[in-house]
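In case you want the letters, here they are:
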Amino acid sequence: MIVRARCILPMGESPIENGAIVIDSGRIKWIGPWKQCDTTDAGKIIDLGEVALIPGLINAHCHLDYTNMAGQIPAPKYFPDWVKTILSFKAHWSFTEFAESWLKGARMLLDSGVTTVADIESVPELLKEVWTSTPLRLVSFLEMTGVKSQRPAQEIIDETIEHIESLPNVDRKEAGLSPHSLYATMPDLVRKAANVARERDWLLSTHLAESESEYRMFAEGSGPFYDWLKGQRNMTDCGQSSPIKLAHEYALLGPDLLAVHVNYLVAGDIETLAATRTNVVHCPRSHDYFGHDPFRYHPLKEAGVNICLGTDSLASTRKSNGIDPALNLWDEMRLFAKTHPDISPREIFDLVTLNPAKALGKSDTLGQLKTSAHADFTAVTYTGRITNLLIYETLLYETAVREVFIAGELARTP
């Protein structure tokens, strides 16, 4: 099959005007100008017309489970208050409610041009059903806590491994491990999760240094989180060091970890993240919802840290003009552009294509349009001039997603 478009943005190279992509067995066999395309025995030719083809967007952090919580939790004064509220929500939801929420979120992402999602799964029983209900590529990180249950770390690990091994072999789906956070997951479980993931070549994701309350708990042994949790967990890991330094001590940091949020840092933390090649995921709308300190994009980037964007969940996203938010990576990109006006639109696109592909260990197959990569791409309406600077800025602010292809198959139509 051949797909033709007004222009193609490979990401690794300059835009291709009047371009074409030849697809074979779900992969890109050839990409280049239409006039150079060999149409002999081409099979089906699809001319999409006035669109720009971009790599399918990659959402590096999401909670599909919580989609239907949109607009239901007012922004809290203290982060632990939000945690308590969402725990209450989850306790009263049925399996069906979680499934409906998950599927709605997956559809939202597909409709907005996302083709790959790194999702935190708090109800792993869902996966056997929902994996087959979406064409999205998914890395489902099974969430592990243990503070409330007080169960032994090895018991939680064994159960999680058993669950992953019982999952069906579904195309474009894989599982990873998510020790939820340092405050909700005790050190022994964090260490064991990191060891098991690396033994089995699974990816890791964790919420790290997200809130001031978390920082104060571990660095100072005080604050709202400390006061709430001191009767529920052993607090000997508190009052010692920054969350980043503790995560490094527990051997959690590394190139296979997606460290989500990373908002509260002290001297040496950025150097530690860079030295361990840990990936960082920033979620702009969630960051705004909680009113966190400014995200330290420039120091992180200058140190060589790989930075990605994610949507987080709709349980921590503000309404807009009284309307509930949707899972939409373009909204995250635009808010990031607003809070970082010195960052070019071209660089912002890297945060949802090339960078998360690297974080997921899939640079050869995702995040850019090139020979042998997966044929995952999104058609966005575009009628303007084709210049390297103008086109990215126009697409960022005048987004109209049309067709979405995953593995060369049409996954979404206008």
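Above: the structure in question.
Since the structure is predicted, the reported quantities are computational estimates derived from the model, not experimental observations.

**Focus: helix 1 (residues 79-92)**
1) Next: The end-to-end C-alpha distance of helix 1, which contains 14 residues, comes to 21 Å, matching closely the 20 Å that a straight helix rising 1.5 Å per residue would cover.
2) Next: Buried residues belonging to helix 1 abut helix 2 (95-111), strand 8 (137-144), helix 6 (212-219), helix 7 (224-229) and helix 10 (284-290).

**Regarding the side chain of Thr311**
1) Next: Along the polypeptide, Thr311 turns up in the loop between strand 13 (307-309) and helix 12 (329-339).
2) Next: If we ignore the near neighbours within four places in the chain, the residues touching Thr311 are Asn59, His61, Cys62, Leu109, Cys283, Thr317, Leu327, Asn328, Leu329 and Glu332.

**As for the layout of surface pockets**
1) Next: One number sums up the size of the largest pocket: a volume of about 1100 Å³.
2) Next: Around the largest pocket sit 41 residues that line it, and Leu87, Lys90, Ser122, Glu143 and Thr145 are the ones nearest its centre.
3) Next: Listed by contribution, the elements that provide at least two residues to the lining of the largest pocket are helix 1, strand 8, helix 4 (153-166) and helix 7.
4) Next: In terms of residue class, the lining of the largest pocket is made up of 19 nonpolar, 13 polar and nine charged.
5) Next: If you add up the space inside the second largest pocket, you get close to 330 Å³.
6) Next: For the second largest pocket, the lining is made up of 14 residues, of which Arg285, Arg318, Ser320, Asp331 and Leu335 are closest to its centre.
7) Next: For the lining of the second largest pocket, the secondary-structure elements that each account for two or more residues are helix 10 and helix 12.
8) Next: Among the elements that make up the lining of the second largest pocket, the one with the highest residue count is helix 12 (four residues).
9) Next: Taken together, the residues that form the lining of the second largest pocket break down as four nonpolar, two polar and eight charged.

**Description of the pairing of strand 6 (residues 57-62)**
1) Next: Judged by how many residues are buried, strand 6 sits mostly within the fold: six of six residues are covered.
2) Next: Strand direction decides the pairing type here: strand 6 and strand 7 (residues 114-121), joined by four bridges, are parallel. Residue pairing in the sheet places Ile58 in a bridge with Thr116 of strand 7.

**Digging into the nonpolar core**
Burial of nonpolar side chains together is a common tendency in soluble globular proteins.
1) Next: Counting 108 residues, the largest nonpolar core has Trp82, Leu177, Tyr183, Leu273, Leu300, Phe349 and Leu395 as its most contacted members.
2) Next: It is helix 2 that contributes the most residues to this core, seven residues altogether.
3) Next: Ignoring anything within four residues of it in the chain, the contact list for Leu300 reads Leu265, Ile270, Leu273, Val280, Phe295, Val305 and Ile307.

**Notes on unusual backbone geometry**
1) Next: A positive phi is found at Ser25, a non-glycine position, where the angle reads about 55 degrees.
2) Next: In this structure, Ser25 sits in the loop between strand 2 (16-24) and strand 3 (27-33).
3) Next: Owing to a relative accessible area of 71%, Ser25 belongs among the exposed residues under this scheme.
4) Next: Non-glycine residue Asn321 carries a positive phi angle of around 55 degrees.

What counts, and at which threshold
- Per chain, residue numbering runs from 1 following the sequence as it is written.
- Side-chain atom pairs in this predicted model are given and counted only at pLDDT of 80 or more, local residue features only at pLDDT of at least 70, and totals for whole chains, interfaces and linings cover all residues.
- Water and hydrogen atoms were dropped before computing side-chain values, which therefore reflect all heavy atoms in the structure.
- Per the convention used, a helix needs a DSSP run of H or I reaching at least four residues, while a strand needs a run of E reaching at least two, with both numbered from the N terminus.
- To estimate how far a helix should reach, multiply one less than its number of residues by 1.5 Å.
- Whether two residues touch is decided by their heavy atoms; if any such pair falls within 4.5 Å, the residues are in contact.
- Here a cavity denotes a set of grid points, spaced 1 Å apart and computed over the protein atoms alone, in which a 1.4 Å probe fits but from which it cannot get out, and a pocket denotes an open set meeting protein on both sides within 12 Å along at least five of seven lines; residues with an atom within 4 Å of a point are reported as lining.
- Grid points are joined across faces, edges and corners, and a volume is the space filled by probe spheres set on the points.
- By the convention adopted, Pro, Cys, Tyr, Trp, Phe, Met, Ile, Leu, Val and Ala count as nonpolar, Lys, Arg, Asp and Glu as charged, and the other residues, Gly among them, as polar.
- Burial status follows relative accessibility: with a 1.4 Å probe on protein chains alone, a residue under 20% of its type maximum counts as buried, one over 50% as exposed, and anything between as partly exposed.
- Any two strands between which DSSP finds at least two bridges are classified as paired.
- Joining through side-chain atoms within 4.5 Å is the link that ties buried Ala, Val, Leu, Ile, Met, Phe, Trp, Tyr and Cys residues into a set, and such a set is a nonpolar core.

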